[in-house]
There are 2 protein chains.
Amino acid sequence: MQPSFVLPRGYPGQNCSIARTLEVLGDRWTLLIVRDSLFASRRFDDYLQRLGLARNVLAERLARLVDDGILERIPYQETPRRHEYRITPKGRDLLPVLVAMIEWGDRHYAPSGAPRLVVHAACGGEVKQSLRCEACGEHVLAEGVSTRPGPGWRTAAPAA
Amino acid sequence: MQPSFVLPRGYPGQNCSIARTLEVLGDRWTLLIVRDSLFASRRFDDYLQRLGLARNVLAERLARLVDDGILERIPYQETPRRHEYRITPKGRDLLPVLVAMIEWGDRHYAPSGAPRLVVHAACGGEVKQSLRCEACGEHVLAEGVSTRPGPGWRTAAPAA
């Protein structure tokens, strides 16, 4: 029997890009694998050692990330044949999600300061994320934000 | 027996603000509850209806979000006593995580366009997140980013 807290992989009733993203990212290991792919690991044993999760779980998560186009599996040695996992451009696009998580964790759970800083490779400065209004250019905080339906709203429903 | 893919709640070996954040956010329902708290729901039955999850799972997730200071449980009616859930400032700080997820989902999983737009309440313009270097002011893409230890790096280890 499946325990009741196990999520289905999809949220078919939700016309929402957060729900779509969470379907792909799947679970917490997945985001930690993406983190390591961006900043540190490429090989199965690197992920295994850094993350400390079970081999079968890691293998399943890596295979899913390859299927979803977030990692590529590329041979780096012929005899014996060995593969490594490289982040794709679509995977790199997840950096803002990770940076936003880092900033929230640093703010609320790092009383001794940030454990790691995200830095601009070209100049060594710290990289920060921000929200900005494209129309008026203002920096926006959560209080000043709302949502409205976009062009893809309920495209699955029959036209009225 | 716990299935092997169930995560422990904590990642004690990981000195990382992404891992800390994922410990708190817990699972995918949690982020969808935060989404609804920011933009739509306050009452138990609103979440239940919008999310379509089991009552006991919702109750457990809401209680955890209250414990973690992301939602507040506030009475809105005395007889019978009823409560609603309001997002706290710490919860509002999660908006950039959600906006980054929305942008990634819109880019890769919304061929008909964004289902919802995040807009600046003051002027109606679209809100976008970006990464910027605090030192040189340049907009930064994932290729141009690395990390280095910050002030909170391995504070749990004994001083050398």
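Residues numbered from 1 in each chain as written. Chains lettered and ligands numbered in written order. Predicted model: local features only at pLDDT ≥ 70, side-chain atom pairs only at ≥ 80, totals over all residues. Heavy atoms only, no water.

Chemist: Any chance you could break down empty space enclosed by the protein for me, citing the residues and the numbers?
Modeler: All names here are of chain B. The full count for this structure, using the stated rule, is one cavity of 30 Å³ or more. Of the voids in this model, the largest cavity is the one considered here, and its volume is about 70 Å³. Along the walls of the largest cavity sit Val 99, Ile 102, Glu 103, Asp 106, Ala 114, Arg 116, Leu 117, Val 118, Glu 126, Val 127 and Lys 128, which together make up its complete lining. Mapped by element, the contributors of at least two residues to the lining of the largest cavity are α6 (95-109), β3 (116-120) and β4 (127-133). Considering each element in turn, the lining of the largest cavity owes the most residues, four residues, to α6. Its residues assigned to classes, the lining of the largest cavity comprises six nonpolar, no polar and five charged. (1 Å grid on protein atoms, 1.4 Å probe; cavity = no way out; pocket = protein on both sides within 12 Å on 5 of 7 lines; lining within 4 Å. Points joined across faces, edges and corners; volume = space filled by probe spheres on them. Helix = DSSP H or I, 4+ residues; strand = E, 2+ residues; numbered from the N terminus. Nonpolar A, V, L, I, M, F, W, Y, C, P; charged D, E, K, R; others polar.)

Chemist: Outline the layout of surface pockets, supporting the account with residue identities and numerical values.
Modeler: Counted as a void, the second largest pocket has a volume near 710 Å³. Lining the second largest pocket are 30 residues; nearest its centre among them are A:Pro115, B:Gln14, B:Asn15, B:Cys16 and B:Trp153. Contributing elements (two or more residues each) for the lining of the second largest pocket: α2 (28-39), α6 (95-109) and β3 (116-120) of chain A together with α1 (17-25) of chain B. Of the residues in the lining of the second largest pocket, the class split is 14 nonpolar, nine polar and seven charged.

Chemist: Explain the packing of α2(A) against helix α4 (residues 55-67) of chain A to me, and be specific about the residues and the numbers.
Modeler: Residues and elements named next belong to chain A. Between α2 and α4, the least distance of the axes is 10 Å, while the angle of their chain directions is 70°. Taken together, α2 and α4 sit at an angle that is classed as roughly perpendicular. Residues Trp 29, Thr 30, Ile 33 and Val 34 of α2 form the contact with α4, whose participating residues are Val 57, Leu 58, Arg 61, Leu 62 and Leu 65. Classifying every residue of the contact of α2 with α4 gives seven nonpolar, one polar and one charged. (Axes fitted to C-alpha atoms, helices over the stretch in contact; angles between N-to-C directions. Parallel < 35°, antiparallel > 145°, perpendicular 65-115°, else oblique. Contact = heavy atoms within 4.5 Å.)

Chemist: Hey, could you go over helix α4 (residues 55-67) of chain B for me, with residue numbers and the actual values?
Modeler: Residues and elements named next belong to chain B. Here α4 spans 18 Å end to end across 13 residues, near enough to the 18 Å set by a 1.5 Å rise per residue. Turning to α4, its buried residues are Val 57, Leu 58, Arg 61, Leu 62 and Leu 65. All buried residues of α4 project into a common sector of 125° when viewed along the axis, lining one side. Opposite the buried face of α4, by more than 90 degrees, sit the exposed residues Arg 55 and Asp 67. In the core, the buried residues of α4 are packed alongside α2 (28-39), α3 (44-51), β1 (71-77) and β2 (82-87). Positive phi appears at Gly 69, one or two residues downstream of α4, with a value of about 75°. (Expected span 1.5 Å × (residues − 1). Buried < 20%, exposed > 50% of the residue type's maximum accessible area, 1.4 Å probe, protein only. Arc of directions from axis to C-beta.)

Chemist: With reference to specific residues and values, describe the packing of aromatic side chains.
Modeler: In total, this model carries four aromatic pairs over all chains according to the counting rule given. Ring centres of B:Trp104 and B:Tyr109 lie 5.6 Å apart, and the angle between their planes is 55°; this geometry places the pair in the tilted category. For A:Arg43, the ring lying beneath its charged end belongs to A:Tyr76, and the centroid distance is 3.6 Å. Above the plane of the ring of A:Trp153 lies B:Arg116, whose end atom (NZ or CZ) is 5.1 Å from the centre. (Phe/Tyr/Trp six-rings, centres within 6.5 Å; stacked < 30°, edge-to-face > 60°. Lys NZ or Arg CZ within 6 Å of the ring centre and 35° of its normal.)

Chemist: Help me get a handle on the interface of chain A and chain B, residues and values and all.
Modeler: Tallying the contact residues gives 93 residues for chain A and 93 residues for chain B. Summing both sides of the interface, chain A and chain B together bury roughly 8,700 Å²; the carbon and sulfur share of this comes to 64%. It is A:Ile18, A:Arg28 and A:Trp104 that lose the most area in chain A upon contact with chain B, and together they represent 10% of the buried surface on that side. Counting across the interface, chain A meets chain B through two salt bridges. Where A:Arg107 meets B:Asp93, a salt bridge forms, and the shortest distance between an N and an O atom there is 3.1 Å. Our count for the chain A to chain B interface comes out at 33 residue pairs in polar contact (both at pLDDT 80 or more). Considering every element that reaches the side of chain A that touches chain B, the biggest residue donor is α6(A), with 14 residues. (Buried area = accessible area lost by both parts, 1.4 Å probe. Salt bridge = Lys/Arg side-chain N within 4 Å of Asp/Glu carboxyl O. Polar contact = N/O pair within 3.5 Å; in protein donor to acceptor, adjacent residues only side chain to side chain.)

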